[in-house]
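Chain by chain, the residues run as shown.
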Amino acid sequence: MPAPGQTHIEPRLLRAFLAVAEELHFTRAAARLYVAQQALSRDVRRLERELGAELFVRTTRQVTLTADGERLVPFARRVLQAQDDLVAAFGRARPLLVDLNSPNLDTGRRVLHRARELAPELELMARYESGLTGAAAEIVAGRLDASFGRYAGLDPVLRGQLEQRLVRYEPMAVVLPEGHRLAGLAEVPLDALAGETVYAGAGNPRTPEWTDLAERLFEGRGIRLAPPAPLAVGEEEFRRITTKVGNPVLAVVGFQAMTGTVSRPLIDPVPLSPVSLVWRKGLVHPGLDALRRSATEIAGVEGWLQRPSGGWIPAIDMNMASVHKSHIANTGPAPALDSST
């Protein structure tokens, strides 16, 4: 029992509060925590009693934070992060949730699988839901721990709340319908795409970093960016939409071609997609350590950070990579840069 005049606040109550504060909706917060809504409401009311403060204004239409609720948010986050750090330090870490974006992307999947081998006692959970921009917002909100993608393409506000390690310069490819005029080539020169309209996720709010990479690559080459298409969730819907539209799709080497399509590497120059492991700033977790060890190991064995002579990388990505020289030193000839930053 706490001494007279002291307040004893259980971490569970703070987690309940923070979930409601971030969702501003009791039903969604309860689903996020896998608890009944009544239990969640009870925990919030108990926390309010412990603190002697009203934390939310509840109406039939909305939930909003009071001034005291706003003031509690940063304290709650720090306390819960400290608890996670303590648990991790003594080997009983919670599961680490990692978004791999798509089952068809090779880099993150391989890093995760090797991390599981390096730390079999840990639970590293994968999901396949988002591009890096979408995942980064979830990481900052504490609903996700890590993801993979093009860090330089993130909004600077998001980047300021994240840390990253460059994992791979991933060669890019184009996915073509089997009957396309270029489908018979083993490799597709970029100049051969002049006059084509290529899909690169335009309009998808979860993947603007990929669309930005495409725009930089296509600039001055006579390649048009395909306009937004209906957002397809799941491989079957993505295949249906892309088949209906009929445009080539910008991808990476190793992306599994769908039925009725072929995937061809791009050359002259070889465009490279910089892939980073990205996590929340200050996160301490043995699963994150395993991911970093895995990425370093695979990159060293397979030359993931080596760049082909004349390979193309956006200037903004190279500028950011130069800050992390320990990750890119001695990785081969310097690539050609685009002119935009």
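Residues numbered from 1 in each chain as written. Predicted model: local features only at pLDDT ≥ 70, side-chain atom pairs only at ≥ 80, totals over all residues. Heavy atoms only, no water.

Peer 1: I would appreciate a short explanation of the overall build of the chain in the present structure.
Peer 2: When its secondary structure is counted, the chain shows 12 helices and 14 strands. Counting across all 341 residues of the chain, residues that qualify as buried make up 47%. Taking as baseline every contact in the chain between residues at least 6 positions apart, the subset at least 24 positions apart corresponds to 75%. Summed over all atoms, the accessible surface of the chain reaches about 16,800 Å², with 54% contributed by carbon and sulfur. (Helix = DSSP H or I, 4+ residues; strand = E, 2+ residues; numbered from the N terminus. Buried < 20%, exposed > 50% of the residue type's maximum accessible area, 1.4 Å probe, protein only. Contact = heavy atoms within 4.5 Å. Areas by Shrake-Rupley, 256 points an atom, 1.4 Å probe, with all protein chains shown as cover.)

Peer 1: Sorry if this is basic, but what is going on with the pattern of salt bridges here?
Peer 2: Pairs can form between side chains of opposite charge whenever their charged atoms are close. A complete count under the given rule lists 25 salt bridges for this structure. Note that Arg71 is salt-bridged to Asp68, the shortest N-O span being 3.2 Å. One end of the pair is Arg71 and the other is Asp68, both in helix H4 (residues 67–89) and three residues apart, which spans about a single turn. According to the relative accessible area criterion, Asp68 is partly exposed, its value standing at 31%. (Salt bridge = Lys/Arg side-chain N within 4 Å of Asp/Glu carboxyl O.)

Peer 1: Would you take a moment to explain the pairing of strand E5 (residues 146–149) for this structure?
Peer 2: Successive residues of a regular strand alternate their side chains across the two faces of the sheet. What you see with E5 is no split at all: Ala146 and Phe148 on one side and Ser147 and Gly149 on the other are buried throughout. Relative to E5, strand E3 (residues 96–99) is paired through two bridges, and the arrangement is parallel. Note that in E5 the partner of Asp99 across the bridge is Ser147. Inspection of the sheet shows E5 paired to strand E12 (residues 272–280) by four bridges, in the antiparallel sense. (Pairing = 2+ DSSP bridges.)

Peer 1: Honestly, the pairing of E12 in this entry has me stumped. Any pointers?
Peer 2: Of all nine residues in E12, nine are buried; the element is thus mostly enclosed. Across nine bridges, the pairing between strand E6 (residues 162–177) and E12 is antiparallel. Bridge pairing in E12 places Leu166 opposite Ser276.

Peer 1: Looking at this structure, how should I read the packing of aromatic side chains?
Peer 2: Each aromatic ring pair is specified by the distance between its two centres and by the angle formed by the two planes. In total, this model carries two aromatic pairs according to the counting rule given. Aromatic pair Phe17 and Phe56: ring centres 5.5 Å apart, planes at 45 degrees, arrangement tilted. A residue pair is termed long-range when its members are at least 10 positions apart, and Phe17 in helix H1 (residues 11–23) and Phe56 in strand E1 (residues 56–58) qualify at 39 residues. In this structure Phe17 comes out as buried when scored by relative accessible area, which is 0%. Accessibility expressed as a relative area gives 0% for Phe56, which makes it buried. Summarising the aromatic geometry, the rings of Phe26 and Phe56 are spaced 6.1 Å apart at their centres and angled 70 degrees between planes, so their arrangement reads as edge-to-face. On the criterion of sequence distance, the pair formed by Phe26 in helix H2 (residues 26–33) and Phe56 in strand E1 is long-range, its members being 30 residues apart. In terms of burial, Phe26 and Phe56 fall into one category: buried. Sitting above the plane of the Phe75 ring, Arg78 keeps its charged end 4.9 Å from the centroid. (Phe/Tyr/Trp six-rings, centres within 6.5 Å; stacked < 30°, edge-to-face > 60°. Lys NZ or Arg CZ within 6 Å of the ring centre and 35° of its normal.)

Peer 1: Help me understand the nonpolar core in this model?
Peer 2: Side chains of a nonpolar character, in soluble globular proteins, are inclined to be buried together. Of all hydrophobic cores here, the largest spans 30 residues; its most connected members are Val98, Val111, Phe148, Tyr169, Leu277 and Leu291. If you list the elements that add at least two residues to this core, you get E3, helix H5 (106–118), E5, E6, E12, helix H10 (286–302) and helix H11 (315–321). The element contributing the most residues to this core is H10, with six residues. Apart from the residues within four sequence positions on either side, Leu277 is in contact with Ala146, Ser147, Phe148, Glu163, Gln164, Arg165, Val167, Leu288, Leu291 and Arg292. (Core = buried A, V, L, I, M, F, W, Y, C linked by side-chain atoms within 4.5 Å.)

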